[in-house]
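# Observations on the model geometry
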Amino acid sequence: MGTAGGRILVTGGAGFIGSAVCRHLVAGAAERVVNVDKLTYAGNLGSLQMLETQPNYVHYRTDIGDEQAMLEIMRHEKIDAVMHLAAESHVDRSIDGPDVFVETNIVGTVRLLNAALAYRRELRTEARGRFRFHHVSTDEVFGDLPFDGSVFSEDTAYAPSSPYAASKAASDHLVRAWAHTYGLPVVLSNCSNNFGPYQFPEKLIPLTILNALEEKPLPVYGTGANVRDWLHVEDHARALELVIRQGRPGESYNIGARAERSNLAVVEGICDRLDVRRPRGQGRSYRDLITFVPDRPGHDRRYAIDPSKIERELGWRPQVGFEDGMNMTVDWYLANRWWWEPIRHLRYPGMRLGECSRRSA
Ligand code: NAD
């Protein structure tokens, strides 16, 4: 699709990663960024308010499962590439209610693939050659790693554990099938756990920060030994732009920053930062609020990404170290109460914020 310019459709652009991608692309080399997001509980236009006056940005409140509407947006906006991030993304929710994960992540992806294929077939030869469909996926499709230093490569066999991971794995297979069977030029990426600003407060890092500020228990599954490989969301957005512009059609790229941490270490690190920034007084530490809760069913022990392919082929390197990134993230939540307070105090389906039983790494 070329190293600059382009009219890029981002699905799920009001979510955590999608909004970082929109902010990154609008500030950078994109000619136009078209955000299609139906605004589920996880979508928040507040994460994009700085883009509202930008002439090269637009939001459509549309469901990716509405194939005709997606086709019409692609035609109207003369789209050069699709970056597909829209999904149900919370593992705990997928355990409580998997159906919507099947509907959005699998059926929705098929509808979007159909729309992209129909649209591409209408394009003239040159534009057809440029068109790309980039599917954004997760390392969770690869399943569970032991504590032995092994890592996921692009060739690791799929072995998803949770309904969420299985729905993402299914969508990856469907995207590859649309490439092999119908000739749609696709690229895929599988990334590790993201962190940074504007993350919905049901996920581990923001939930821990905000519960601590409200003196609520800080739930940790099991013994907290489960390990995740953390990637700053802005490093991920830079990687995604490289993949869609320079990735080889048919290839997938693993994206991670070689920053493995146990869940307990992440939570303790947040407590230590808050002890400095917002002392509780009387010599008490936020660590006293840590509460171990029964483990999540089927909880994968460890994820770890080998990112050497994207480093070697596309020249990507993470720019934000984990500890610096965590400092910035804690500071961001402290400084941006306007963003999270309305969400935090809103009642939305399935959320029991502040309770010990729900949170995800
Ligand atoms: P998120 O839950 O924060 O955002 C998802 C967005 O998709 C929301 O804005 C929501 O409104 C939108 N959406 C949901 N269903 C839709 C539909 N049917 N039509 C249109 N829009 C819809 O998710 P996220 O954390 O930003 O994740 C984005 C993508 O990256 C997902 O595909 C996820 O699987 C993948 N991913 C995320 C992580 C992570 O750590 N967050 C890690 C690996 C992969």
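This one's a predicted model, so the numbers in the text were calculated from it and none came from an experiment. (Residues numbered from 1 in each chain as written. Predicted model: local features only at pLDDT ≥ 70, side-chain atom pairs only at ≥ 80, totals over all residues. Heavy atoms only, no water.)

### Some remarks on the packing of helix α4 (residues 99-122) against helix α6 (residues 163-182)
The geometry of α4 relative to α6 is characterised by a closest axis approach of 8 Å and an angle of 20 degrees between their N-to-C directions. Comparing their axes, α6 and α4 come out roughly parallel. Helix-helix and strand crossings are classified by hand; for α4 and α6 the assignment is right-handed. Side by side, α4 and α6 meet where Phe101, Asn105, Ile106, Thr109, Val110, Leu113, Asn114, Leu117 and Arg121 of the first sit next to Tyr164, Ser167, Lys168, Ala170, Ser171, Leu174, Val175, Trp178 and Tyr182 of the second. Split by residue class, the contact of α4 with α6 holds 11 nonpolar, five polar and two charged. (Axes fitted to C-alpha atoms, helices over the stretch in contact; angles between N-to-C directions. Helix = DSSP H or I, 4+ residues; strand = E, 2+ residues; numbered from the N terminus. Parallel < 35°, antiparallel > 145°, perpendicular 65-115°, else oblique. Left-handed = near helix turned anticlockwise from the far one by under 90°. Contact = heavy atoms within 4.5 Å. Nonpolar A, V, L, I, M, F, W, Y, C, P; charged D, E, K, R; others polar.)

### Observations concerning the sheet that holds strand β1 (residues 7-11)
Working definition: the strands of a sheet are paired by backbone hydrogen bonds and lie parallel or antiparallel to each other. With parallel pairing, the seven strands of this open sheet are ordered in space as β3-β2-β1-β4-β5-β6-β10. A strand with exactly one partner marks an edge of an open sheet, and here the two such strands are β3 (57-60) and β10 (252-255). Looking at each pair of strands side by side, their axes are set apart by 20 degrees on average, direction ignored. With six bridges joining them, strand β5 (residues 132-138) and strand β6 (residues 186-191) adopt parallel strand pairing. Within the sheet, the bridge partner assigned to His134 lies in β6 and is Val187. Contacts between α4 and the sheet are confined to β1, β4 (81-84) and β5, with β5 contributing the most and set at about 165 degrees to the helix. The strands that helix α8 (residues 233-246) touches are β1, β4, β5, β6 and β10; relative to β5, the one it contacts most, it runs at about 145 degrees. (Pairing = 2+ DSSP bridges.)

### Things to note about the pairing of strand β2 (residues 32-36)
Counted residue by residue, β2 has five buried out of five residues, so it is predominantly covered. On β2, burial covers both faces: Arg32, Val34 and Val36 on one face and Val33 and Asn35 on the other are all buried. In the sheet, β1 pairs with β2 via five bridges, with the strands oriented parallel. Within the sheet, the bridge partner assigned to Leu9 lies in β2 and is Val34. In this fold, β1 hands off to helix α1 (residues 16-27), which returns the chain to β2; that crossover is right-handed. As paired strands, β2 and β3 are joined by four bridges and run parallel to one another. The residue bridging Asn35 from the neighbouring strand is His59, located in β3. (Buried < 20%, exposed > 50% of the residue type's maximum accessible area, 1.4 Å probe, protein only. Right-handed = clockwise from strand over helix to strand, strands pointing away.)

### Remarks on the pattern of salt bridges
Applying the stated criterion to the full structure yields 28 salt bridges. Across the pair Glu122 and Arg75 runs a salt bridge, and its minimum N-O distance is 2.6 Å. Of this pair, Glu122 sits in helix α4 while Arg75 sits in helix α2 (residues 67-77), and the two are 47 residues apart along the sequence. Of the residues examined, Arg75 reaches a relative accessible area of 36% and is grouped as partly exposed. Three or more residues joined by partner-sharing salt bridges are found here, namely Arg7, Glu31, Arg32 and Glu77. (Salt bridge = Lys/Arg side-chain N within 4 Å of Asp/Glu carboxyl O.)

### Observations concerning α4
Helical geometry note: an α-helix holds 3.6 residues per turn, so side chains three or four residues apart project in the same direction. Compared with an ideal rise of 1.5 Å per residue, which puts 24 residues at 34 Å, α4 spans 34 Å between its outermost C-alpha atoms and is within 8% of the ideal. In α4, a bend of some 30 degrees at Gly108 exceeds every other bend along the element. (Expected span 1.5 Å × (residues − 1). Bend = angle between axes of the 7 residues up to and from the residue.)

### Here's the deal with the packing of aromatic side chains
Following the criterion strictly, the structure yields 13 aromatic pairs and no others. With 6.3 Å between their ring centres and 40 degrees between their planes, Phe152 and Tyr303 make a pair best called tilted. Taken together, the positions of Phe152 in the loop between β5 and α6 and Tyr303 in the loop between β12 (290-293) and α10 (308-314) put the pair 151 residues apart, joining distant regions of the chain. Across the pair, Tyr303 and Phe152 agree in class, each one buried. Site record: aromatic cluster; members linked through ring pairs are Phe142, Phe152, Tyr158 and Tyr303. Just above the ring of Tyr41 sits the side chain of Arg93; from NZ or CZ to the centre is 3.6 Å. Seen from the ring of Tyr253, Lys309 lies directly overhead, with NZ or CZ sitting 4.8 Å from the centre. (Phe/Tyr/Trp six-rings, centres within 6.5 Å; stacked < 30°, edge-to-face > 60°. Lys NZ or Arg CZ within 6 Å of the ring centre and 35° of its normal.)

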